[in-house]
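# Remarks on the overall topology
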Amino acid sequence: MIPKYNEMYRELLEVLQRKESWTKKELQEAMAEELKISLEERNLRYESGAKIYINRIEWACVYLKKAGLVESVKRGVIRITDKGKKLLKSNFNKIDNELIFKDSKELENKEIAQSTKDLKQIKEDDENQTPEDILEKSFKEINRVLEEDILDEVLRQSPDFFEHLVVKLLQKIGYGSFIPDSGIVTKRSNDEGIDGIIKQDKLGFDTIYIQAKKWDKDTTVGRPEIQKFVGALSGKGAKKGLFITTGKFSEEAKKYSQEQHVAKLVLIDGRELAKLMIEYNFGVSVETTYEIKRIDSDFFENID
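Small disclaimer: the values here were computed from a predicted structure and weren't measured. (Residues numbered from 1 in each chain as written. Predicted model: local features only at pLDDT ≥ 70, side-chain atom pairs only at ≥ 80, totals over all residues. Heavy atoms only, no water.)

### Describing the packing of aromatic side chains
Let me state the cut-off plainly: Between 30 and 60 degrees the pair is tilted, below 30 it is stacked and above 60 it is edge-to-face, where a pair is any two Phe, Tyr or Trp rings, Trp via its six-membered ring, whose centres lie within 6.5 Å. Counting from the N terminus, the helices are the DSSP runs of H or I reaching at least four residues and the strands are the DSSP runs of E reaching at least two. Buried means the residue's accessible area, taken with a 1.4 Å probe over protein chains only, is under 20% of the maximum for its type, while exposed means over 50%, and partly exposed covers the values in between. Put simply, a charge is over a ring when the Lys NZ or the Arg CZ is close to the ring centre, within 6 Å, and near the line of the ring normal, within 35 degrees.
Within this structure, the stated rule accounts for seven aromatic pairs. Judged by centre distance (6.4 Å) and plane angle (85 degrees), the rings of Y63 and F101 are edge-to-face. On the criterion of sequence distance, the pair formed by Y63 in helix α4 (residues 52-66) and F101 in the loop between α6 (97-100) and α7 (110-125) is long-range, its members being 38 residues apart. Relative accessible area serves as the criterion here: at 3%, F101 is assigned to the buried category. Cluster of aromatic residues (ring-pair linked, three or more members): Y5, Y9, W59, Y63 and F101. Directly above the ring of W22 sits K19, whose terminal nitrogen or CZ lies 4.7 Å from the centroid.

### Some details on the sheet that holds strand β8 (residues 240-245)
The condition is simple: Between any two strands, pairing holds if DSSP finds at least two bridges. The convention used is that axes are lines fitted to C-alpha atoms, helices contributing only their stretch in contact, and that angles between N-to-C directions extend from 0 to 180 degrees.
Sheet architecture is open: five strands sit in the order β4-β5-β6-β8-β10, paired in mixed fashion. Whereas interior strands pair on both sides, the edge strands pair on one side only; in this sheet they are β4 (183-185) and β10 (264-268). Across the sheet, the mean angle from the axis of one strand to that of its neighbour is 20 degrees, orientation sign disregarded. Note: β4 against strand β5 (residues 196-199), three bridges, orientation antiparallel.

### A look at the nonpolar core
As a reminder of what qualifies: The term nonpolar core refers to a set of buried residues drawn from Ala, Val, Leu, Ile, Met, Phe, Trp, Tyr and Cys, joined through side-chain atoms within 4.5 Å. Contacts between residues were defined by any pair of non-hydrogen atoms, one from each residue, lying within 4.5 Å.
Ranked by size, the top nonpolar core spans 36 residues in total, and within it L13, L27, M31 and I100 carry the most contacts. Those elements that provide at least two residues to this core are α1 (9-16), α2 (24-34), α4, β3 (77-80), α5 (82-89) and α6. Per-element tally for this core: the top contributor is α4, with nine residues. Non-local contacts of I100, meaning those with residues more than four positions away in its chain, are made with Y9, Y63, L64, A67, L69, L87 and I95. Membership of the second largest hydrophobic core comes to 21 residues, among which are L169, I198, F282 and V284.

### A short note on the layout of surface pockets
What counts is decided by this rule: Every definition here rests on a 1 Å grid over the protein atoms only: cavities are sets of points where a 1.4 Å probe fits but cannot get out, pockets are open sets enclosed by protein on both sides within 12 Å along at least five of seven lines, and lining residues have some atom within 4 Å of a point. Grid points are joined across faces, edges and corners, and a volume is the space filled by probe spheres set on the points. Three residue categories are used. Nonpolar comprises Ala, Val, Leu, Ile, Met, Phe, Trp, Tyr, Cys and Pro, charged comprises Asp, Glu, Lys and Arg, and polar comprises the others, including Gly.
There is about 230 Å³ of room inside the second largest pocket. L170, I173, Y175, Q200, I208, K240, G241, L242, K264, V266, I268 and L276 together form the lining of the second largest pocket. When contributions to the lining of the second largest pocket are tallied by element, the ones reaching two or more residues are α9 (159-173), β8 and β10. Partitioning the lining of the second largest pocket into residue classes produces eight nonpolar, two polar and two charged.

### Regarding the pattern of salt bridges
Between side chains of opposite charge, a pair can form as their charged atoms come close. Threshold: Put simply, a salt bridge is a Lys or Arg side-chain nitrogen that is within 4 Å of an Asp or Glu carboxyl oxygen.
Overall, the coordinates contain 18 salt bridges when judged by the stated rule. A salt bridge links R79 to E20, with the shortest nitrogen-to-oxygen separation between them at 3.4 Å. You can see R79 sitting in strand β3 and its partner E20 sitting in the loop between α1 and β1 (22-23), a full 59 residues away along the chain. Look at E20 and you get exposed, because its relative accessible area is 57%. Between E225 and K228 there is a salt bridge; the shortest N-O distance is 3.8 Å. Of this pair, E225 and K228 both sit in helix α10 (residues 223-236), three residues apart, roughly one helical turn. We classify E225 as partly exposed; its relative accessible area is 24%. Overlapping salt bridges bring together K66, E141, R144 and E148 as one network.

Quick look at the structure:
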């Protein structure tokens, strides 16, 4: 029998501490042996087609990562953290969601606290809500995890990659998409505070100037950085500017941007960037599609 994702935390941590790092495939193989999962059980699938065993392993890793007990070394490779090793040494009888997130209220990371709240809420509301309500909450949690994975992956890339990503994302959204060579990434040696340009018309009368900063997701972009960007926009005589970062913006920066009259200024932080990439299927792919169907009353009332 395949354990639920939150019933395999201890075994996962114990396996992970056997060596420095693990690929996903290595971990799946080792955990199958540890949990005595048969080949037949490993090939069991949901109706959507996803393999149940692999899905549960992946979600167990997701929540252990959120709790800071495991971490990504690089794409597809994880390892146990010092915090994870310390938890194992504590010899708790049961390692579950309540235990691994027990300090979430004390953390500044609201995403961890929200995930803990959502997990408990889904469990508590199973008997009181419709399947659609539960599915909606689960969908939001899946996307929240995907947002974090997207940001982690973007942060592994070079600043140059990030600038190209931003320009191509804007084109994907629809800005300048019908104009050949509408997206430009400026040369670093002479960018004058502008990292990218989107031309929205052939003659360049309507242009968006971009500053793209790949900084740590906990970095706060303050008002001084936005002021510098406004200065760069002024030097170009620009009417539209986009400041996009993998970090976050201070309240002062947001307020300053809203008060600008020289140019329309839009700020996009890391979380909003990830949401846009998901919405426009940019850098992500559809893994599973569920269709919710209902009776077609007209069919049954009008059939001859």
